[in-house]
Structures are given as structure tokens and as C-alpha cells.
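Okay, here's what each chain looks like letter by letter:
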Amino acid sequence: MEIKSYLVPANMEVQPYEQFQWGSSIKQYTQSAFPNLDGIQMAILGVGETRNSSGNEGCHAAPDAVRKYLYSLSAISGVHVADIGNLVLGQTPKDTYHAVEFVCSELLENNIIPIIIGGSQDITYANYLAYQKLKQTINLVCVDRKLDLGTEDSIDNNSYLNKIVRHPSALLFNLSLVAYQSYFVNNEEIETLKKMYFDVYRLGHIQSKIEEAEPIVRNADILSFDISSIRQSDAPACANATPNGLYGEEACQVMRYAGMSDKLSSVGIYELNPSFDNRGQTAHLAAQMIWYFLEGFSNRKSDFPVVVGKDYMKYRVVIKTPGHEIVFYKSLKTDRWWMEVPFKGDDKSRFERHHLVPCSYEDYLLACSEEMPDRWWQAYQKLN
């Protein structure tokens, strides 16, 4: 890959790691050599771009701060990870976006999952652009305390989503905002997303039943995680940290669900600012979040029902009003559920991968009680 010229080795002190720790098994970009990426499944990429950060300058130092704790955690058997270092920042943020787009695109084309450690969350836009070469529509999940929609004319960590939603490539099929807090959002913007049949989930909804987050992230291609979505007591290292938010354990659970998804192909953790940290608490939590992502990846079962056979149970539920039959599939390997959404459009090949929508057992029970699951209806509207 021609990505080495965009990267420099991480600024890490050499440590005598134990054999069981990641520091002994991760292939690292060092001053002497760039790692061989043959057989690598995931690549850690530090992107310390903060020039479009609004009010959280200092998060450029997060990548190396997180690495310090990640390397000390136990390695996971069968998961092959490389640390390709930190991105060389461009003369302008736009130049950095192009570099992120190129590096991530190269990794994706070689079936390597980029694990981005930011930097500010506007880097998500560059990650999104990396999918243009794949020529497929994608689903984006943002775990955030607020909606970073902003205006179309600007881009920063508070407005990058507008660039994604309105991008002329029309790559975006679905956007899910997870764990938002109502007092931080403009209700009109939330209603706009709903009218576009995008998904929004309040913090209380996620915390009341954390397993309901699993089908949300299982449907994602990109997961963008703003560290300010975690409560300040658990993650103080952000200028935008607030008293409420996800608990650290819940953040780790969401990352584990993401790792288990056969579909998800890139993930980023953003807005961690070490200058606000308390004895490395947030950097350590981010490292554990990445660890849970890797642990989830090691438990992937490849159970997406491309071909329905003996490993699946098929259920048909007829909802008399408005007169739809919903076909459900349950994996006998993992007990995970999908719904089949009929598609009548001309460009079927473009949206075929969205034909089966991840769902939960609760969605099946809802259909059995003559109620239309929101996930099914929103996907149906977008496909047709």
C-alpha cells in the first residue's frame, strides 16, 4: 500500500511488555520499518487534527495517550492488529481530510478495518468519503450527546453531519444518532432527521435496555463515537463533558456490539482531550473501549442470512393494518434477528445490502401484537 508517506510512527516510549499484552503482539510502525499488513484485520490510525475543533483544542494528543493504555491490555487470540502510526497533518484541515480518505480507502479495499483515534469528530466526514471507491451506500451510527448538523456552509466538529447528509455522492443510506440528550438538541433538527427516515435514540432509551443498541450498530458500516457522550465522572477528558451520559461500561458494551457486527468496517473515537484528563482515566477507558471492539470482532459469527438454511428460523407475521407481511429470520448460532424489507425500486443492486434489516426480539413481538416496528417502516420508506 502507498500509505506510508502519509504517516509517521507514534511517539511512544519503549516499554518492556509482557508476552500476553497487546504491546508484544501489535505490529507497529517504528522508526526503522513500516509493518507488513498481510493478514492484518485491523489497523490503528491516529489522526490528531483539531483545527476544526470548536472549543476542544488539545484533543490532538489523544492517539498516543490512548495507545499507552491499550498496549498494556491483554491481547486477544486470533485477532491480528497493526498500528500504522499517526497521520501527517496537511497544510489545511481539508488536506488532512483527503489524507484520511486515502488511507482509510486503501485499508478498506484490503479488508482492513481502520480504528481511528482522533482528533475532533469532523474526521468522521473524511472517513465517510473513503467509501466512495467501494461504490456502495452505507449506514453511519454516531454516538453523541447532541446532533452535529450545523449549517451546510461550514464544517467543524459541530457541523460535519450536514456535509455527509448533503454530499452529492449520495452514499448515505441511513444515519442513526445514539444516546443524544434532549436538552442539547434543536427539536426541529431532530424532526428533520425523522422526516428523512433516519433513526434517533435518546440516552434514556439506550440506558433502559442497552441490548437494544445491538441491532443499531449491527446495521452500521461506520461507527463514530464522541467521548462527550460518556458522563463526565467516567470520562472527564473533554472540554464538552457533562454530568449525564453513558456509563463507561455501557460505552464498552456498544463497542463490543460494533465489533461483533459482520457489516461494520470502520470505527472512530473522537474529542478525547488529555489536558482535561484525571490520571489518564479517559484515555484508559478509550483503550478499554477499543479492547472490547477487538473482543467483539473475535466473536463474529458470520451469521448474516445471505442464504437461509438450517442455521435460521423463519417467521412470517401478517399485520392487517396497513396490510403488510413481515418476514423475520432468527440465527440459531447467535439468537440475533433480521427483518426482510421488500424492495420494488429500479436500482435494486444499489440497495440490496439493506434488504435485510437487523432487529431485536422486541421487534418480532411488536409485529405479533399488530404493531409495525419503526425499523421496518423506516427502511421500507427509504427503499421504496
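Located above this text is the structure these notes cover.
Engineer: Explanation requested: the sheet that holds strand β12 (residues 324–331) in the structure shown.
Structural biologist: By definition, the strands of a sheet pair up through backbone hydrogen bonds, in either a parallel or an antiparallel sense. Spatial strand order, β11-β12-β13-β14: four strands in an open sheet with antiparallel pairing. Of all the strands in the sheet, the pair left with one neighbour each is β11 (312–319) and β14 (356–359). Each strand axis lies, on average, 30 degrees off the axis of its neighbour in the sheet, ignoring direction. Relative to β14, strand β13 (residues 337–340) is paired through four bridges, and the arrangement is antiparallel.

Engineer: I tried to follow empty space enclosed by the protein on my own but got confused; where do I start?
Structural biologist: Rolled over the atoms, a probe sized like a water molecule indicates the empty space that remains. The tally for this structure, following the rule as stated, stands at three cavities of 30 Å³ or more. What the largest cavity holds in volume is close to 170 Å³. Forming the walls of the largest cavity are 17 residues, and the residues nearest its centre are Asn174, Asp199, Asn219, Val357 and Arg375. At the level of elements, β7 (172–180), β8 (199–202), α8 (213–218), β14 and α13 (374–383) are the ones that each hand at least two residues to the lining of the largest cavity. Looking at the lining of the largest cavity element by element, the count peaks at four residues for α13. For the lining of the largest cavity, a count of residues per class yields seven nonpolar, six polar and four charged. Approximately 60 Å³ is the volume found for the second largest cavity. Lining the second largest cavity, in full, are Arg218, Ser261, Asp262, Lys263, Phe304, Arg336, Trp338 and Pro358.

Engineer: Can you help me understand the packing of helix α2 (residues 62–70) against helix α10 (residues 281–297) in this one?
Structural biologist: How two helices sit against one another is set out by the angle between their axes and by the gap between those axes. Taken N-terminus to C-terminus, the directions of α2 and α10 make an angle of 65 degrees; their axes are 8 Å apart at the nearest point. Considering their axes alone, α2 and α10 lie roughly perpendicular with respect to each other. The two elements α2 and α10 meet at a crossing, and its hand is right-handed. Taking contact as the criterion, the partners of Ala65, Val66, Tyr69 and Leu70 in α2 are, on α10, Ala283, His284, Ala286, Ala287, Ile290 and Trp291. Looking at side-chain class alone, the contact of α2 with α10 contains nine nonpolar, one polar and no charged residues.

Engineer: Please explain the environment of Met255 as it appears in this structure.
Structural biologist: Position of Met255 among the secondary structure elements: in helix α9 (residues 248–260). Assessed through its relative accessible area of 1%, Met255 is described here as buried. Taking the C-alpha atoms as reference, Met255 lies 7.7 Å from Gly296; in sequence the two are 41 residues apart. Apart from residues no more than four positions distant in its own chain, Met255 is found in contact with Leu223, Phe225, Val267, Ile269, Met289, Ile290, Tyr292 and Phe293.

Engineer: What is the right way to read the nonpolar core from this model?
Structural biologist: General note: in soluble globular proteins, nonpolar side chains tend to be found buried as a group. If you look at the biggest cluster of nonpolar residues, it comprises 57 residues, and the most contacted ones within it are Trp22, Val143, Leu223, Phe225, Met289, Phe293 and Leu294. No other element matches the 10 residues that α10 contributes to this core. Counting 47 residues, the second largest nonpolar core, distinct from the first, contains Tyr29, Val103, Leu129 and Val185.

Engineer: Would you take a moment to explain the side chain of Arg336 for this structure?
Structural biologist: Note on placement: Arg336 falls in the loop between β12 and β13. One polar contact links Arg336 to Asp303, side chain to side chain, over a distance of 2.6 Å. Residues contacting Arg336, with those up to four places away along its chain left out, are Glu214, Arg218, Met260, Asp262, Asp303, Tyr329, Lys330 and Ser331.

Engineer: Help me understand the pattern of salt bridges, please; the structure alone is not making it clear to me.
Structural biologist: Opposite charge on two side chains makes pairing possible when the charged atoms of those side chains draw close. Applying the stated rule across the entire model yields 16 salt bridges. With a shortest N-O distance of 3.8 Å, Glu212 and Arg375 are connected by a salt bridge. Here the residue Glu212 occupies a position in the loop between α7 (203–208) and α8, and Arg375 occupies one in helix α13, the gap between them amounting to 163 residues. The exposure class of Arg375 is buried, given its relative accessible area of 13%.

About the criteria used
Residues numbered from 1 in each chain as written. Predicted model: local features only at pLDDT ≥ 70, side-chain atom pairs only at ≥ 80, totals over all residues. Heavy atoms only, no water. Pairing = 2+ DSSP bridges. Helix = DSSP H or I, 4+ residues; strand = E, 2+ residues; numbered from the N terminus. Axes fitted to C-alpha atoms, helices over the stretch in contact; angles between N-to-C directions. 1 Å grid on protein atoms, 1.4 Å probe; cavity = no way out; pocket = protein on both sides within 12 Å on 5 of 7 lines; lining within 4 Å. Points joined across faces, edges and corners; volume = space filled by probe spheres on them. Nonpolar A, V, L, I, M, F, W, Y, C, P; charged D, E, K, R; others polar. Parallel < 35°, antiparallel > 145°, perpendicular 65-115°, else oblique. Left-handed = near helix turned anticlockwise from the far one by under 90°. Contact = heavy atoms within 4.5 Å. Buried < 20%, exposed > 50% of the residue type's maximum accessible area, 1.4 Å probe, protein only. Core = buried A, V, L, I, M, F, W, Y, C linked by side-chain atoms within 4.5 Å. Polar contact = N/O pair within 3.5 Å; in protein donor to acceptor, adjacent residues only side chain to side chain. Salt bridge = Lys/Arg side-chain N within 4 Å of Asp/Glu carboxyl O.

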